[in-house]
Amino acid sequence: MSNVNNVNASFDAMLKFSEAYAKRTGTFFCIDPGVTAVVIEGLAKHKDQYGAPLCPCRHYDDKALEVSSTYWNCPCVPMRERRECHCMLFLPKDSDFAGNAQLLDLNLLPKSIT
């Protein structure tokens, strides 16, 4: 499998996970679908590189160590415990940044993202 196909497969897997998790938790994606796509892309890259979807919106001195602690693996502990998503991937309906979608319309995205 080529690297491009692997990235697409990982993106698709993280997209399906994100859509299912949003539905299950009653959260919504960001009103800007580009934000949602970039976060999902970051999760996919971390899953490929480190074996887990480490939150892509934080700085880590040692990503492998962070993955092993599982705290920032998506859905991270703040999201699971308090419904706080630093990445703006999973937002409560009353958030100023929440859209009304729990599915990502890939047709709205630049081809460079998908």
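The structure displayed is predicted, hence computed values, not measured ones. Every residue gets a number counted from 1 within its own chain, in the order that chain's sequence is written. In view of the model being predicted, local features appear only for residues whose pLDDT reaches at least 70, and side-chain atom pairs are presented and counted only at 80 or more, with totals across whole chains, interfaces and linings using the full set of residues. Think of the side-chain values as coming from all heavy atoms in the structure, minus any hydrogens and water.

(A) Here's a closer look at the overall build of the protein. Summing up its helical and strand segments, the protein has four helices and zero strands in all. In the protein, the succession of helices and strands from N to C terminus is α-α-α-α. Going through the 114 residues of the protein one by one, you find that 42% of them count as buried. The contact criterion used is simple: two residues touch if any of their non-hydrogen atoms lie within 4.5 Å. Counted over contacts in the protein with a minimum sequence separation of 6, partners at least 24 positions apart contribute 62%. Of the roughly 6,600 Å² of accessible surface on the protein, a fraction of 53% belongs to carbon and sulfur atoms. Runs of H or I in DSSP of at least four residues are treated as helices and runs of E of at least two as strands, each being numbered from the N terminus. Note on exposure labels: buried denotes an accessible area under 20% of the residue type's maximum, exposed denotes more than 50%, and partly exposed covers the range between, all computed with a 1.4 Å probe on protein chains only. To measure how exposed things are, a 1.4 Å probe is used in the Shrake-Rupley method; for residues, cover is taken only from the protein chains shown.

(B) Structural view of the nonpolar core. Buried residues of nine kinds, namely Ala, Val, Leu, Ile, Met, Phe, Trp, Tyr and Cys, make up a nonpolar core once their side-chain atoms join them within 4.5 Å. Ile40, Leu89, Phe90 and Leu104 are the most contacted members of the largest nonpolar core, which has 26 residues in total. Sorting the residues of this core by element identifies helix 1 (3-25) and helix 2 (33-50) as the ones contributing at least two each. In contact with Leu89, other than residues within four places in its own chain, are Ser18, Phe28, Phe29, Cys30, Thr36, Val39, Ile40 and Leu43.

(C) Molecular detail of the confidence of the model for the protein. Considering every residue of the protein, the mean pLDDT works out to 90; 89% of them sit at 70 or more. Within the protein, helix 1 has the poorest average pLDDT of any element, 86, and helix 3 (residues 63-69) the best, 97. Along the chain, pLDDT gives the predictor's confidence residue by residue, from 0 to 100.

(D) Quick look at the environment of Asn100. The topology assignment puts Asn100 in the segment after helix 4 (77-82). Its relative accessible area of 64% is what places Asn100 among the exposed residues. The contacts of Asn100, once residues within four sequence positions are left out, are Phe28 and Lys93.

(E) Spotlight on helix 2. Here a helix's expected span is defined as the number of its residues, less one, multiplied by 1.5 Å. For helix 2, which comprises 18 residues, the first-to-last C-alpha distance of 25 Å matches the rise-based estimate of 26 Å (1.5 Å per residue) to within 8%. By the burial criterion, the buried members of helix 2 are Gly34, Thr36, Ala37, Val39, Ile40, Glu41, Gly42, Leu43, Ala44 and His46. Capping of helix 2 at its N-terminal end is provided by Asp32; its side-chain oxygen lies 2.8 Å from the backbone amide nitrogen of Gly34. Phi turns positive, to about 85 degrees, at Gly51, one or two residues after helix 2. Two N or O atoms count as a polar contact when they lie within 3.5 Å, although within protein this holds only if one can serve as hydrogen donor and the other as acceptor, and sequence-adjacent residues are included solely when both atoms are side-chain atoms.

(F) Local environment of the packing of aromatic side chains. Pairing of aromatic side chains here covers Phe, Tyr and the six-membered ring of Trp, requires ring centres within 6.5 Å, and sorts the geometry by plane angle: under 30 degrees stacked, over 60 edge-to-face, intermediate tilted. Inspection of every chain in the model, using the stated rule, returns four aromatic pairs. Feature note: the residues Phe17, Tyr21 and Phe90 constitute an aromatic cluster, connected by ring pairs. Lysine NZ or arginine CZ positioned within 6 Å of the ring centre and within 35 degrees of the ring normal marks a charge as sitting over the ring. The positively charged end of Arg58 is found above the aromatic ring belonging to Trp72, 3.7 Å away from the centroid. Sitting over the face of the ring of Phe28, Lys93 holds its NZ or CZ atom 4.8 Å from the ring centroid.

(G) Highlighting empty space enclosed by the protein. Buriedness of a pocket was judged along seven lines, with at least five required to meet protein on both sides within 12 Å; pockets are open sets of points on a 1 Å grid over the protein atoms alone, cavities are sets where a 1.4 Å probe fits but cannot get out, and lining residues have an atom within 4 Å of a point. Grid points are joined across faces, edges and corners, and a volume is the space filled by probe spheres set on the points. As enumerated under the stated definition, the model contains one cavity of 30 Å³ or more in all. Three categories are distinguished: nonpolar for Ala, Val, Leu, Ile, Met, Phe, Trp, Tyr, Cys and Pro, charged for Asp, Glu, Lys and Arg, and polar for the others, with Gly belonging to the last. Tallied by class, residues from the lining of the largest cavity come to eleven nonpolar, one polar and no charged.

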